[in-house]
Amino acid sequence: MQEAYKIGNAQSIGSYQIQSSYFASYCSDRGCLAVLADGTADHMNGRRCAVLAAEAYIREFQKMQQETDYPVFFNAAAKRILRDMREIIFLGKTPYLSVSVQWLKSKEMFYYSAGNNRSFLFDGSNYRILSESCGKVSIEKGMTTGMISRGVWEALNEKEMISYLQKREHPYDKAQQMIMGVKKKNRKMAGTAAVLLVEGCI
């Protein structure tokens, strides 16, 4: 039986003129893949880069062989992103890409982060930032995994994050409330803020 996941996301443009973050998810019998990418530049190429990165991970996941190990998968997708950037983003401002990826399968989560994004795990009471750039952790039913861009973790502290995550609501509603919390800070020159949450493995 295919596992079921609840997914929620939200984003804010901040003080930027162009939204430079993008997220995507894809669930199949191989598990659930979630991606949060941030072009981290107030320029159309920031948006393009984020879209390329998220879509590259989804395509690599869809064509991945069953026996593929997670470091191989993450590396293959990273190479594809670099190739696509060279082919498509060749004029204007080249963005600095931040990306986080989580692959949830059974009772494990494989993750990868680069740049300013952060991945975290929340078990109902404890909030844990996954500081390693690549790795795997055990997960149980009822846990929340998530990815946040710099605009979120600079604005919201650990106590505030826990207060949102503990709510008995759908991940989409929690994500929306987090971004509203970011906006209420009224931080000058704040960049884009984005969050993606995944809950509920059956």
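Fair warning: this is a prediction, and the values are worked out from it, not measured in the lab.

Draft legend 1. Inspection of the sheet that holds strand β3 (residues 31-38) at higher detail. Strand order in the open sheet made by the 5 strands is β2-β3-β4-β5-β8, with antiparallel pairing throughout. Only two strands of the sheet have a single neighbouring strand rather than two, namely β2 (21-28) and β8 (134-138). When the angles between neighbouring strand axes are averaged without regard to direction, this sheet yields 15 degrees. In terms of strand pairing, β3 meets strand β4 (residues 98-105) through 7 bridges, oriented antiparallel. Note that in β4 the partner of A37 across the bridge is V99.

Draft legend 2. View of the nonpolar core. With 25 residues, the main nonpolar core has L33, Y57, F73 and W103 as its most contacted residues. Every element with two or more residues in this core is listed here: β3, α1 (44-63), α2 (70-88) and β4. Excluding anything up to four places from it in sequence, L33 contacts A24, S25, Y26, Y57, I58, F61, F73, V101, Q102 and W103. Ranked by size, the runner-up nonpolar core spans 19 residues in total, among them Y127, Y164, M178 and V182.

Draft legend 3. Here's a closer look at the pairing of β8. Going residue by residue along β8, you find G135 and V137 tucked away on one face and C134, K136 and S138 left uncovered on the opposite face. Here 5 bridges tie strand β5 (residues 108-114) to β8, and the two strands are oriented antiparallel to one another. Considered in β8, the bridge of E108 is made with S138.

Draft legend 4. Fine view of the pairing of strand β9 (residues 144-148). For β9, the buried fraction is high: 5 of the 5 residues fall into the buried class. What you see with β9 is no split at all: T144, G146 and I148 on one side and T145 and M147 on the other are buried throughout. Where β9 lies against strand β10 (residues 193-199), 5 bridges are found, and the strand directions are antiparallel. Across the sheet, residue I148 finds its bridge partner in β10, namely V195.

Draft legend 5. Expanded view of the sheet that holds strand β7 (residues 127-129). With antiparallel pairing, 5 strands are arranged side by side in an open sheet as β1-β10-β9-β6-β7. Unpaired on one side and paired on the other, β1 (6-12) and β7 mark the two borders of the sheet. Recorded for the sheet is a direction-independent mean angle of 20 degrees between the axes of neighbouring strands. One ladder, built from 7 bridges, connects β1 with β10; its direction is antiparallel. Across the sheet, residue G8 finds its bridge partner in β10, namely L197. Packed on one face of the sheet, helix α5 (residues 171-184) meets β1 and β10 and runs near 20 degrees to β1.

Calculation criteria
Residues numbered from 1 in each chain as written. Predicted model: local features only at pLDDT ≥ 70, side-chain atom pairs only at ≥ 80, totals over all residues. Heavy atoms only, no water. Pairing = 2+ DSSP bridges. Helix = DSSP H or I, 4+ residues; strand = E, 2+ residues; numbered from the N terminus. Axes fitted to C-alpha atoms, helices over the stretch in contact; angles between N-to-C directions. Core = buried A, V, L, I, M, F, W, Y, C linked by side-chain atoms within 4.5 Å. Buried < 20%, exposed > 50% of the residue type's maximum accessible area, 1.4 Å probe, protein only. Contact = heavy atoms within 4.5 Å.

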